Amino acid sequence: MWNRPNRNPAECCVSPESNLRDALAAITLNQTGIVAVVDPDRKLLGTLTDGDVRRALLAGMDLTTTIALLIKDQKPVCARLDAEYATLMALLHDNNVRQIPLLDADDRVADLVTLEDLLPGEVIPLQAVIMAGGFGQRLRPLTEKMPKPMLPVGDKPVMELIIGQLREFGIRKVNVTTHYEPEKIHDYFGDGRAFGVDLNYVSEDSPLGTAGALSLMDEKTEPLLVINGDILTQVDFRAMLSFHREHKAVVTVGVRQYDLQVPYGVIESDGFAVTGLREKPVLNFFVNAGIYLLEPAVHQFIPSGQHFDMTDLIKILLKEGHLVASFPIVEYWLDIGQHADYAKAQEDVKAWNTPS
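This structure is a prediction, so every number in the text was calculated from the model and none was measured.

Asker: I tried to follow the environment of Gly154 on my own but got confused; where do I start?
Answerer: Counting through the fold element by element, Gly154 comes out in the loop between β8 (152–153) and β9 (156–157). Residue Gly154 is classed as partly exposed on the basis of its relative accessible area of 45%. Not counting residues up to four positions away in its chain, the partners in contact with Gly154 are Gln346 and Val349.

Asker: Looking at this structure, how should I read the nonpolar core?
Answerer: Note on soluble globular proteins: their nonpolar side chains tend to be buried together. Ranked by size, the top nonpolar core spans 47 residues in total, and within it Leu166, Val174, Leu225, Ile291 and Ile336 carry the most contacts. Contacts of Val174, omitting those with residues within four sequence positions, involve Ala128, Ile130, Leu166, Val197, Asp198, Leu199 and Asn200. Grouped together as the second largest cluster of nonpolar side chains are 21 residues, Val129, Val226, Val255 and Leu313 included.

Asker: In this structure, what is going on with the environment of Ser18? I would like to understand it.
Answerer: Here Ser18 shows up in the loop between β1 (13–14) and α2 (20–30). Taking the C-alpha atoms as reference, Ser18 lies 33 Å from Leu277; in sequence the two are 259 residues apart. Here Ser18 is in contact with Thr65, Thr66 and Ile67, once residues within four sequence places are set aside.

Asker: Would you take a moment to explain the state of the cysteines for this structure?
Answerer: A disulfide bridge is the covalent bond that connects two cysteines by way of their sulfur atoms. This model, assessed by the stated rule, comprises 0 disulfides. Cysteine Cys78 remains unbridged, with the sulfur of Cys13 as its closest cysteine sulfur at 12 Å.

Asker: In this structure, what is going on with the sheet that holds strand β6 (residues 109–114)? I would like to understand it.
Answerer: Strands pair in a sheet through their backbones, by hydrogen bonds, and they do so in one of two ways: parallel or antiparallel. Strand order in the open sheet made by the 3 strands is β4-β5-β6, with mixed pairing throughout. Edge strands, defined here as strands with exactly one partner in the open sheet, are β4 (79–80) and β6. As judged from the 2 bridges shared by β4 and strand β5 (residues 99–103), these two strands associate in the parallel manner. Bridging from a neighbouring strand, Ala79 pairs with Leu102 of β5. With respect to the sheet, helix α4 (residues 85–94) is in contact with β4, β5 and β6, its orientation differing from that of β5 by roughly 135°.

Asker: What should I look at first to understand the sheet that holds strand β12 (residues 224–228) in this one?
Answerer: Taken in spatial order, the 7 strands of this open sheet run β11-β10-β7-β12-β17-β14-β18, and their pairing is mixed. Looking at which strands have only one partner, the edges of the open sheet turn out to be β11 (198–203) and β18 (324–328). If you compare each strand with its neighbour and ignore which way they point, the axes differ by 35° on average. Along the sheet, helix α10 (residues 310–319) makes contact with β12, β14 (251–261), β17 (282–294) and β18, crossing β17 at roughly 90°.

What counts and how
Residues numbered from 1 in each chain as written. Predicted model: local features only at pLDDT ≥ 70, side-chain atom pairs only at ≥ 80, totals over all residues. Heavy atoms only, no water. Helix = DSSP H or I, 4+ residues; strand = E, 2+ residues; numbered from the N terminus. Buried < 20%, exposed > 50% of the residue type's maximum accessible area, 1.4 Å probe, protein only. Contact = heavy atoms within 4.5 Å. Core = buried A, V, L, I, M, F, W, Y, C linked by side-chain atoms within 4.5 Å. Disulfide = S-S within 2.5 Å. Pairing = 2+ DSSP bridges. Axes fitted to C-alpha atoms, helices over the stretch in contact; angles between N-to-C directions.

As structure tokens, this is what we get:
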């Protein structure tokens, strides 16, 4: 026997005329990782998962893309509202999905069910690593006697905000790599219990880069979520883990779309012949967002005690033929790398904490 969550059907559904931004808003609201696409009578037309939306962005679509374009010829998996526990578990397993819509006696979408609903209290199989050993040179003089992750944003250090988010998503074991002014971090966080996590410190005698410090840790049996200690974000780590699992990647890299406007008219040509002109075009790129998911198997590719960056690791994995996935971050994300970024972080956190 299981207890159905009885979600509001309005929070479970969107119309096919809605766009990807609407779909993500509904997914965030219902907290299931999926939204049902329905007609005006709430009859099921298709489904859209968090991963579907992010793959659409990687394919060149944007958040204004109409949902109808993504559900053509789809045959969504669903179940009856009164389906037995065993039936639901079998449907999820046989179709390799983690969530499905539930239909009432009139074939209308009435609820959603997830694997987490059926297996409540499941601990997320993930440890985190916060990279907190850098010098923060670009933020001098603020970092002359303070490691960058300890800089206050609002009334809390950046790293406390990161730890709070990890805890919120069910991550309890957090490793922290340290080098510059490590005692400031140790003295504030201690063993982590006061912050709802179990902290383990990994000390770098010399800077080892964004991946090298992982060689100082025992090899894990579960994936590692690695995040730079100067990242302020609201990314859904559960969605990232689900995406990582779905694609069976050895590493998943969080990426962020970066738009660059060329301040000139761009000439397109074929040899000497001009074929077109684009006036001040905006070029789109996906950039490294400093958040990674690593499978235990990649530990063998990290040299012991040597300076080694995540980019070095990714290049080796690609050369060896391993799958590295990219996960587009559409939620709030800010790399606090320079003074202007730090000022923006203060403004943003103040806005979050101000009642609307």
